[in-house]
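# Summary of structural features
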Amino acid sequence: MRLEPIAHPSLARRLGFPAAALGLTVVVASLLALIAGANPFATLGLILKGAAGSKFALLETLNRATPLIFTGLAVAVAFRAKLWNIGAEAQLYGGAIITVVVGTSALAALPTLPLQFLMGFSAALIGALILLGPVLLKTRFGVDEVVTTLLLNFIMLLFVSYLLEGPMKDPMGMGWPKSEALDRSARLPRIVDGLRLHWGFALGIICAFAVWIIQTRTTLGYEIRAVGLNIRAARFAGIPVNAVLVKTALLSGGLAALAGFSEVSGLKGHLSLDLSPGFGYTGIIVAMLALLHPLGVVVSAVFVAGVFVGSDSMSRAADVPTYIADMLMAIALLFMVLAILLSRVRVVRG
Amino acid sequence: MMEVLDILLSASFWAAAVRIASPLIFATMGEIICERAGVLNLGIEGIMVIGAFAGWMAVYQGAPLWSGVAVAMLAGMLFGLLHATLTVPFGLSQHVVGLGVTLLATSTSYYAYRLILPEVSSPPKIEPFQPFEIPILADIPIIGEALFAQTPLTYAAFGLAALVAFALYRTPLGLALRSVGENPAAAEAQGLSVTGLRMGAVIVGSGFMAVGGSFLTLSAFSSFFFEMVNGRGWICIALVVFGMWQPGKAVLGALLYAAFDAFQIRLQQLPIGNVVPYQFFLMMPYILSIAALIAMSRRAEVPAALMVPFNRGDR
């Protein structure tokens, strides 16, 4: 077989294949439910109900989507330049550490706005620095960033474990590995009083718009795309490729770290080893399902969060393991990358 | 200082190093086969998980140990087929597909585990491979215990490395494989099927990765638990680079890494272990891997067509 690019793919083709990918994912979900001995329609219904069936469920989904917006944006920004940042998990924890450090220091006496700004800014700064290392190794020595960013995730988790048993241990934690909690006054307020949704979600949407503007309206955005499309052509055209990669990394690492800031300051209030159940890795799925479009990331983060929240609630009611969500998201990712290709090329024999 | 020397001279230390290296050798050989044919396989981490799970589950359900290894290999090949289909004929991003395969294989293992064993608090055990002492050789001091009193899968790992080295450099198939990884267009002109060779390499290589995973449940430990692969797959990706895509050097790298890992575990028992928190010892192997990548980066001879999809008729 051979692939032939289609010069002007029809709208039906461009929408049909991605839609088919999502449809097939639903089919797989039904099959997985059948294997577990459950009724597929009831299972899908329970997932939907658990994700958006009530005000509480919907808010839970939006809360879960918040860190995914940040990690999804981090991945989308980096992958656009073909910079393979698989280390959003480490950057997230870096941001979370700094948020707790600032939020439990004397600075916590500051008024809400400057304090939150300071925490968010220092979190983003640390996240950017964490990714700067692997990127400099890539530009200077040609070390593949996939492996270094991945290994940094493991190093960072061990470092957090050390902090929680050592310097940042909560004296009132009763042996539970968690940090001291931020005071209520030092935390991100809720958007609407009484509704369990904090300003982190709004910040995520603001960041998505900011990234969208950077990508479509600035020189840097143009350069990032050029580097991602063809690094040699970009270099030939006089684009400072290494500088662009470093800037991309700072942006990506900073965004991922904001997930840590938002989770600590907005939701959990303290640092623990289960702060992120793999938000960094799920961010890759979020970004790919959004076709790396920053505004699409918001939509896909809510969708992915809904599947996870819904599956959690479904598995409590039916005997279908909650890992069905992880499987579905991985399958959706693989179907989607294939669908995007097929919407642009034709498969011919020979 | 004397205590460090004691560690390095003890047979149990070297035996542990060889044991820790075994799963890494299987998986690294698998990755070398893939990458030599021009395909980066980031599915390795998840494929090791599915191998660890499938092999263990087969034995837990009553299959003999070697059948467990075969089941693991088949499971790995299945995910290898998925990876190969998406990355070779369709030429999709090897990074994205690889990570997707890792996520899918990992979650499939966890889903199936929970489905079959819904309510277990402590993971059930199986009877794993026992050490097999090779007569006479096992009696050599230190080396005997380290090399010749291991479980059969360890011998298989070293056997596989020798086989891969021989096949890559001394057989027509190995030449064909290397040529599709270096210059697919030229290989195609020679009448070789680039698609076929690459897909075959990814499928077989993934099978070996899964066997590496099954070493963990069938030889090193006796049960399957979540997070047990714990980044070993990513370490193997680093080992391939460190070994400059050559099986022999990669085995040396795996042994070096494993010795270091065994060493840090023992170092924790010494007085220094009371001063330095244990997390820093556990970090050392990962840091070492990054350091090794930096050290080798200048000399790396990457297969020229690694990560370059081949579409017949493209110019």
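This is a predicted model, so every value here is computed, not measured. Each chain carries its own residue numbering, running from 1 in the written order of its sequence. Chains carry letters from A onward and ligands carry numbers from 1 onward, assigned in written order. Only residues with pLDDT of at least 70 are given local features in this predicted model, and only at 80 or more are side-chain atom pairs given and counted; all residues enter the totals for whole chains, interfaces and linings.

### Regarding the overall build of chain A
Assigned secondary structure in chain A consists of 13 helices and two strands. With the radius of gyration taken over C-alpha atoms, the globule rule is written as 2.2 Å times the number of residues to the power 0.38. Taking 2.2 N^0.38 as the reference for a compact globule, 350 residues should give roughly 20 Å; the C-alpha atoms of chain A span a radius of gyration of 21 Å, in line with that estimate. Principal axes of the C-alpha set define a box for chain A whose edges measure 70 × 60 × 35 Å. Looking at chain A as a whole, 50% of its 350 residues are labelled buried. Counting only contacts in chain A whose residues sit at least 6 apart along the sequence, the fraction spanning at least 24 positions is 78%. Think of it this way: any DSSP run of H or I at least four residues long counts as a helix, any run of E at least two long counts as a strand, and we number them from the N terminus. Residues with at least 20 neighbouring C-beta atoms inside 10 Å of their own are called buried, those with 12 or fewer are called exposed, and the rest are partly exposed, where every C-beta is derived from the backbone. Contact between residues is assigned whenever the C-beta positions, reconstructed from backbone atoms, fall within 7 Å.

### Re the overall build of chain B
Broken down by element type, chain B carries 14 helices and zero strands. Each helix (α) and strand (β) of chain B, taken in turn from the N terminus, gives the series α-α-α-α-α-α-α-α-α-α-α-α-α-α. The C-alpha atoms of chain B give a radius of gyration of 20 Å, which matches the 20 Å a tight globule of 315 residues would have. Dimensions along the principal axes, computed over C-alpha positions, put chain B at roughly 65 × 50 × 40 Å. Taking all 315 residues of chain B together, the buried fraction comes to 51%. In chain B, the share of contacts with a sequence separation of at least 24, taken over all contacts with a separation of at least 6, comes to 79%.

### Examining unusual backbone geometry
Glycine aside, residues mostly have negative phi angles, and peptide bonds mostly take the trans form. Of note in this structure, Leu-291 of chain A is not a glycine but carries a positive phi near 55°. Positionally, Leu-291 of chain A belongs in the loop between α11 (279-289) and α12 (294-317). Non-glycine residue Met-307 of chain B carries a positive phi angle of around 70°. Examined against the element boundaries, Met-307 of chain B turns out to sit in the segment after α14 (278-297). By the C-beta count within 10 Å, which is 14 here, Met-307 of chain B ends up partly exposed.

### Points about the interface of chain B and chain A
Listed per partner, the contact involves 40 residues of chain B and 38 residues of chain A. When contributions to the side of chain B that touches chain A are tallied by element, the ones reaching two or more residues are α5 (94-116), α11 (232-242) and α14 of chain B. For the side of chain B that touches chain A, the element with the highest residue contribution is α5 of chain B, accounting for 13 residues. Residues are grouped as follows: Ala, Val, Leu, Ile, Met, Phe, Trp, Tyr, Cys and Pro are nonpolar; Asp, Glu, Lys and Arg are charged; all remaining types, including Gly, are polar. Of the residues contributing to the side of chain B that touches chain A, the split by class is 26 nonpolar, 12 polar and two charged.

### Digging into the environment of Pro-321 of chain A
By the element assignment, Pro-321 of chain A lies in the loop between α12 and α13 (324-342). For Pro-321 of chain A, a count of 22 C-beta atoms within 10 Å gives the class buried. For the pair Pro-321 of chain A and Tyr-222 of chain A, spaced 99 residues apart in sequence, the C-alpha separation works out to 44 Å. Look past the residues within four positions of Pro-321 of chain A in its chain and what remains in contact with it is Ser-315 of chain A together with Tyr-111, Arg-114 and Leu-115 of chain B.

### Comments concerning the environment of Val-320 of chain A
Residues and elements named next belong to chain A. Positionally, Val-320 belongs in the loop between α12 and α13. The exposure class of Val-320 is buried, given the 26 C-beta atoms found within 10 Å. Separated by 68 residues in the primary sequence, Val-320 and Ser-252 have C-alpha atoms spaced 36 Å apart.

### Here we look at the packing of helix α2 (residues 11-36) of chain B against helix α12 (residues 247-267) of chain B
All names here are of chain B. Whenever a helix is involved, its axis is fitted only over the stretch in contact; in every case the axis is a line through C-alpha atoms, and angles between N-to-C directions fall within 0 to 180 degrees. Interaxial distance between α2 and α12 falls to 7 Å at its minimum, and their mutual angle equals 140°. When the axis of α2 is compared with that of α12, the two are oblique. As α2 packs across α12, the resulting crossing turns out to be right-handed. Contacts from Phe-13, Ala-16, Ala-17, Ile-20, Ala-21, Leu-24, Ile-25, Thr-28, Met-29 and Ile-32 of α2 reach α12 at Pro-247, Ala-250, Val-251, Ala-254, Leu-255, Tyr-257, Ala-258, Ala-259, Asp-261, Ala-262 and Arg-266. Throughout, the term roughly parallel applies to angles under 35 degrees, roughly antiparallel to angles over 145, roughly perpendicular to angles from 65 to 115, and oblique to all others. Each crossing gets its handedness from the near helix: less than a right angle anticlockwise from the far helix is left-handed, clockwise is right-handed.

### Digging into the packing of helix α4 (residues 65-87) of chain B against α5 of chain B
All names here are of chain B. In contact at an axis separation of 10 Å, α4 and α5 are set at 155° when each is read in the N-to-C sense. It follows from the interaxial angle that α4 and α5 lie roughly antiparallel. The handedness of the crossing between α4 and α5 is right-handed. Taking contact as the criterion, the partners of Phe-79, Leu-82, His-83, Leu-86 and Thr-87 in α4 are, on α5, Gln-94, Val-97, Gly-98, Val-101 and Ala-105.

### A look at the confidence of the model for chain B
All names here are of chain B. As a per-residue quantity, pLDDT reports the predictor's confidence and falls between 0 and 100. When the pLDDT values of chain B are averaged, the result is 91; 99% of them are 70 or greater. Across chain B, the secondary-structure element scoring lowest on mean pLDDT is helix α6 (residues 143-148), at 76, and the one scoring highest is α4, at 98. Across the interface, the model reports ipTM at 0.93; the global pTM reads 0.94.

### So, α11 of chain A
Residue and element names in this part refer to chain A. Within α11, 11 of the 11 residues are buried, which leaves it mostly tucked inside the rest of the structure. Here α11 has its buried residues at Phe-279, Gly-280, Tyr-281, Thr-282, Gly-283, Ile-284, Ile-285, Val-286, Ala-287, Met-288 and Leu-289. One or two steps after α11, the chain reaches Leu-291, where phi turns positive at roughly 55°.

### Observations concerning the confidence of the model for chain A
Mean pLDDT over chain A stands at 93; residues scoring 70 or higher make up 100%. Taking the mean pLDDT of every element in chain A, the minimum, 87, falls on strand β1 (residues 2-5) of chain A and the maximum, 97, on helix α4 (residues 88-103) of chain A.

### With respect to the environment of Ser-161 of chain A
Residue position: Ser-161 of chain A is located in helix α6 (residues 145-165). Here the alpha-carbon distance between Ser-161 of chain A and Pro-177 of chain A, two residues 16 residues apart in the chain, equals 7.5 Å. In contact with Ser-161 of chain A, not counting residues within four places along its chain, are Pro-177 and Leu-273 of chain A together with Gln-279 of chain B.

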